[in-house]
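One-letter residues, chain by chain:
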Amino acid sequence: MAEQKLHKQHTALGNAIAYILLVILSIIWLFPFVCIVLQSFRAPSEGGGGMVDYLVPKTFSLASYSWLFSADSNFVKWFENTFIIAFFIALGQTCFVLMVSYALSRTRFAGRTFLMKFWLVLGMFPGFLSMICLYFLLKNVGLTQAGAIPGLILVGVASSGMGYYVCKGFFDTIPKTLDEAARIDGASRARIFFTMLLPLSKPIIIYQALVAFMAPWCDYIFASYIAFGYSKSYNVAVGLYDWVNTNDYQGYFTRFCAGGVLIAVPITALFMALQKYYVEGVTGGAVKG
Amino acid sequence: MKKNSNNVLGIIAGNIKNIGVTFKEGDWKTRVSFLIMGFGPLMRKSFARGLAYLLIQVAFIFYMATEGISNLSKLSTLGTEETHMDPNTFLTTYGDNSFLILLYGVLTAVLCVLFVAFWRLNIQENQNEQEIIKKGGSLPTATQDLKSLLDQKFHATLLALPVLGVLIFMVVPIIFMICVAFTNYDANHQAPSKLFTWVGLENFKQLFQFGGNGMGSTFTTILIWTLVWAFFATFSTYFGGIALALLINKKGIKFKKLWRTIFVMTIAIPQFISLLYVSKMFAADGLINTYFVKWGIFERSYNFWAHPMTARILIIVLNLWIGVPYVMLMATGLLMNIPADLYESARIDGANRWQMFKKITMPYMLFVTGPYLLTSFTGNLNNFNVIYLLSGGGPTSLKLYGGSGYTDLLVTWLYKLILNSTNYRLAACVGILTFIVVAVTSLIAYNRLPSIKDEEGFQ
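Novice: I'd like a rundown of the overall build of chain B, residues and numbers included.
Specialist: When helices and strands are counted, chain B shows 19 helices and 2 strands. In summary, chain B has a C-alpha radius of gyration of 30 Å against a globular reference of 23 Å for 459 residues, an excess of more than 25%. Seen through its principal axes, chain B has C-alpha atoms that stretch 90 × 80 × 35 Å. Counting over 459 residues, chain B shows a buried share of 47%. Considering only residue pairs separated by 6 or more positions, chain B has 64% of its internal contacts joining residues 24 or more positions apart. Carbon and sulfur atoms make up 67% of the accessible area of chain B, which amounts to about 23100 Å² in all. Considering chain B, the positive charge centre built from 36 side chains and the negative charge centre built from 23 side chains are found 9 Å apart.

Novice: Run through the interface of chain A and chain B, naming residues and quoting values.
Specialist: One frequently used descriptor of interface size is the decrease in accessible area upon assembly of the parts. The interface is formed by 97 residues belonging to chain A together with 91 residues belonging to chain B. Across the chain A/chain B interface, buried area totals approximately 8500 Å², and carbon plus sulfur atoms make up 82% of it. Counting the contacts that link chain A with chain B gives 1 salt bridge. For Asp-151 of chain B, the salt bridge is made with Arg-183 of chain A, and the minimal N-O distance between the two is 2.9 Å. At 18 residues, helix α1 (residues 2-40) of chain A tops the list of elements feeding residues into the side of chain A that touches chain B. A per-class count over the side of chain A that touches chain B returns 74 nonpolar, 18 polar and 5 charged.

Novice: Break down helix α12 (residues 287-294) of chain B for me, with residues and values.
Specialist: Those residues of α12 of chain B that fall on the buried side of the exposure criterion are Leu-287, Ile-288, Asn-289 and Thr-290 of chain B. Gly-296 of chain B sits one or two positions beyond α12 of chain B and adopts a positive phi of about 80 degrees.

Novice: Can you lay out the state of the cysteines for me, pointing to particular residues and giving the numbers?
Specialist: Residue and element names in this part refer to chain A. Tallied over the full model, the rule gives 0 disulfides over all chains. Cys-95 forms no disulfide, and the closest cysteine sulfur to it belongs to Cys-167, at a distance of 11 Å. Given the relative accessible area of 0%, Cys-167 is considered buried.

Novice: Quick rundown of the environment of Lys-74 of chain B? Include the residues and the values.
Specialist: All names here are of chain B. Locating Lys-74 in the fold gives a position in helix α4 (residues 47-74). According to the relative accessible area criterion, Lys-74 is partly exposed, its value standing at 37%. Distance from Lys-74 to Asn-423, taken between C-alpha atoms, is 23 Å for residues 349 residues apart in sequence. Once you skip the residues sitting within four places of it in the chain, Lys-74 turns out to touch Gly-79 and Ile-101.

Novice: Just give me the short version of the packing of aromatic side chains, but keep the residues and values in it.
Specialist: Residues and elements named next belong to chain B. Within this structure, the stated rule accounts for 56 aromatic pairs over all chains. An angle of 40 degrees between the planes, with centres 4.6 Å apart, marks the rings of Tyr-185 and Tyr-424 as tilted. Linking Tyr-185 in the loop between α7 (154-180) and α8 (202-208) with Tyr-424 in helix α18 (residues 424-448), this pair joins segments that are 239 residues apart in sequence. Residue Tyr-185 shares its accessibility class with Tyr-424, and that shared class is buried.

Novice: Before we move on, can you summarise the packing of helix α12 (residues 236-245) of chain A against helix α11 (residues 271-281) of chain B with the specific residues and values?
Specialist: Think of two packed helices as two axes; the pair is described by the angle between the axes and how far apart they sit. Closest axis-to-axis distance for the α12 of chain A/α11 of chain B pair is 11 Å, and the angle between their directions is 10 degrees. Classified by the interaxial angle, the pair formed by α12 of chain A and α11 of chain B is roughly parallel. Residues Val-236, Ala-237, Leu-240, Tyr-241, Val-244 and Asn-245 of chain A of α12 of chain A lie in contact with α11 of chain B, whose contacting residues are Phe-272, Leu-276 and Lys-280 of chain B. Classifying every residue of the contact of α12 of chain A with α11 of chain B by side-chain character gives 7 nonpolar, 1 polar and 1 charged.

Novice: Go over the packing of helix α3 (residues 75-106) of chain A against helix α7 (residues 165-173) of chain A, please, and point to the residues and values.
Specialist: All names here are of chain A. Where α3 meets α7, the axes come as close as 9 Å, and the angle between the chain directions of the two elements is 45 degrees. With respect to their mutual orientation, α3 and α7 come out oblique. Crossing hand, α3 versus α7: right-handed. Judged by residue contacts, Val-97, Leu-98, Ser-101, Tyr-102, Leu-104, Ser-105 and Arg-106 of α3 engage Cys-167, Lys-168, Phe-171 and Asp-172 from α7.

Novice: Got a sec to walk through the domain arrangement of chain A? Specific residues and values, please.
Specialist: Residue and element names in this part refer to chain A. Here chain A is described as being made up of domain 1 (2-66) and domain 2 (74-288). Spacing between the C-alpha centres of domain 1 and domain 2 amounts to 33 Å. Contacts between the two partners involve 11 residues from domain 1 and, on the opposite side, 11 residues from domain 2. Taking both sides of the interface into account, the surface hidden between domain 1 and domain 2 amounts to around 970 Å²; carbon and sulfur atoms contribute 72%. The interface formed by domain 1 and domain 2 holds 0 salt bridges in total. For the side of domain 1 that touches domain 2, the secondary-structure elements that each account for two or more residues are α1 and α2 (63-68).

Novice: If you had to explain the domain arrangement of chain B to someone new, which residues and values would you point to?
Specialist: All names here are of chain B. Assigned domains within chain B: domain 1 (10-200) and domain 2 (216-453). Taken together, the contact between domain 1 and domain 2 spans 10 residues of the former and 8 residues of the latter. Here domain 1 is connected to domain 2 by 1 salt bridge. Partitioned by chemical class, the residues of the side of domain 1 that touches domain 2 number 6 nonpolar, 3 polar and 1 charged.

Cut-off values and rules
- Residues numbered from 1 in each chain as written.
- Chains lettered and ligands numbered in written order.
- Predicted model: local features only at pLDDT ≥ 70, side-chain atom pairs only at ≥ 80, totals over all residues.
- Heavy atoms only, no water.
- Helix = DSSP H or I, 4+ residues; strand = E, 2+ residues; numbered from the N terminus.
- Rg over C-alpha atoms; globule rule 2.2 N^0.38 Å.
- Buried < 20%, exposed > 50% of the residue type's maximum accessible area, 1.4 Å probe, protein only.
- Contact = heavy atoms within 4.5 Å.
- Areas by Shrake-Rupley, 256 points an atom, 1.4 Å probe, with all protein chains shown as cover.
- Lys, Arg positive; Asp, Glu negative; His and termini not counted.
- Charge placed at Lys NZ, Arg CZ, Asp CG, Glu CD.
- Buried area = accessible area lost by both parts, 1.4 Å probe.
- Salt bridge = Lys/Arg side-chain N within 4 Å of Asp/Glu carboxyl O.
- Nonpolar A, V, L, I, M, F, W, Y, C, P; charged D, E, K, R; others polar.
- Disulfide = S-S within 2.5 Å.
- Phe/Tyr/Trp six-rings, centres within 6.5 Å; stacked < 30°, edge-to-face > 60°.
- Axes fitted to C-alpha atoms, helices over the stretch in contact; angles between N-to-C directions.
- Parallel < 35°, antiparallel > 145°, perpendicular 65-115°, else oblique.
- Left-handed = near helix turned anticlockwise from the far one by under 90°.
- Domains from an automatic or database assignment.

See below:
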């Protein structure tokens, strides 16, 4: 009896420690977001919209938000740009990845392993080594500065077939006997792809589209290089980075926070809604590499 | 690497042998096809295929005659006449543009390789047709050909666009940049007004040379930090993530989903917002400093980003904040897959928690997540966002070349070389070396992965 009681106390103590740890960690992990939200509501009368040495604003105001939507800022335009880019990249990239994955997973053809090895090696080059050359190629067809948005979509989609690993891993788990049975019944490979495999791949399609949709919101390197100096073609990352890192970032600090909140809320909501698919993709991808 | 090159050589040798055999055993139609592509199919009344091959050849010859040959011939010098202004008449004579010469040269070379591939296909085609006719079969009609693109050859239809995209947007630019590494293309040789030309291995020598105008010390500093960073970033987030997953999975902890959601939120929020904010938080006039001074922990504000050591440690610590939730998410799923009877029998044998963790959990996790660790390590070698958004590569120092700082990775240095000092030749060298570092680590690690060495280990 005494021993059992001791055991109970032991687990209760363990759980208490675990709860305390979790609470502390949660606070650390959420702290920056709470800060961003608090700062975004600070009135410009305090510190002129710059950084201040306290956390909770003395007067709350929506001034930073209303400024974002005023004619002085390009924020709405940037948001629109990023949304368009993200939407089309998600669409194109998902199609390309599905196409490549199906071909590499379900069919065997001469040069298949060569193609896979070649792309693997190619993927080891730092991506933006190709930046200078791509910039010129795009400039030649008018897809930089003013035309940066279609240009960025093109760059984002064109070489995306190389990111087939997770999706191919998923296709590999769907039994091949299904294909064979359908082929005996006279279905063509195209038909198998469209009517059999795609409906089965809903989770991986959503995962691919979600990852592809979220990436352009963080894309700084290519976006800043291709839209160079043309503010109307910036995406949110380039625009807000400039706000924080120009010399007068003091004045733009609360505006940066407000912009950050407006971007983070819809993206986070979308992510949370599709979290289940994301977890599946991440777990599957980690094991298969 | 050696095995691969043997493979490639083997493939080439096999192809050449096959071509020879085809020529020897081929009828006259096949043999003429060696010179006039598509001749054989046309004579065998397979018009669509024959015409396609013929058109490819005509187009290629036309292109080579009009532009291709001159593009290739200019490659040897990358232009001879510089753009200059006559001092008396103020008339500008536009000279050669080395950038374009190199770019078009590379494009033409790629086209030539493609043409050889088509020529090879054309020979294969002849061989196949001959065989079909020999067996008394009939050649597929054009409609059958088109249909096969949705069936037996569906892979070709699917891969056409993605492969073309990779070719134009990855292969050509990378070949171009590899070439640039062997030229003197930099701020002093900026196309179109100035010429640049081949300099052999000069750039690599400069990169490895210590003293003088060499960059040996900058390069080694950055390389070592890149490797150290990748090591700590990968393993700290890995073990942190597993620990967090175990903590949340602990028996008796309620609201597991809520805890998980709190941490997962950090993945969803775009990094440039959170990282930029956190970087400002630790600045000299940031929140952390002002509160630490207020509470009397620091005497006066301490700029974490201005000292190499604190900046480096801070980056690794802050990276935990980014990376741990991701690993936690992954580990949660995997931990549930560990067969429960393993733990059960361990408990009967009197093992304590730590022993079970060490003997069951960790080996299992390392086994299944080996590939993840590898991709995560190589990903961290090239982790541009975290470094650039947190410290911008700083603190910079006069001891380091090209505006690079003590937290710069090879990739961020490469980025700065391109953008700030337009030193394309060195940027290209750094890019190639980055590739070598990634390739070598992948090769070494790949052969040691437990899941590769021993596939059945945990099944």
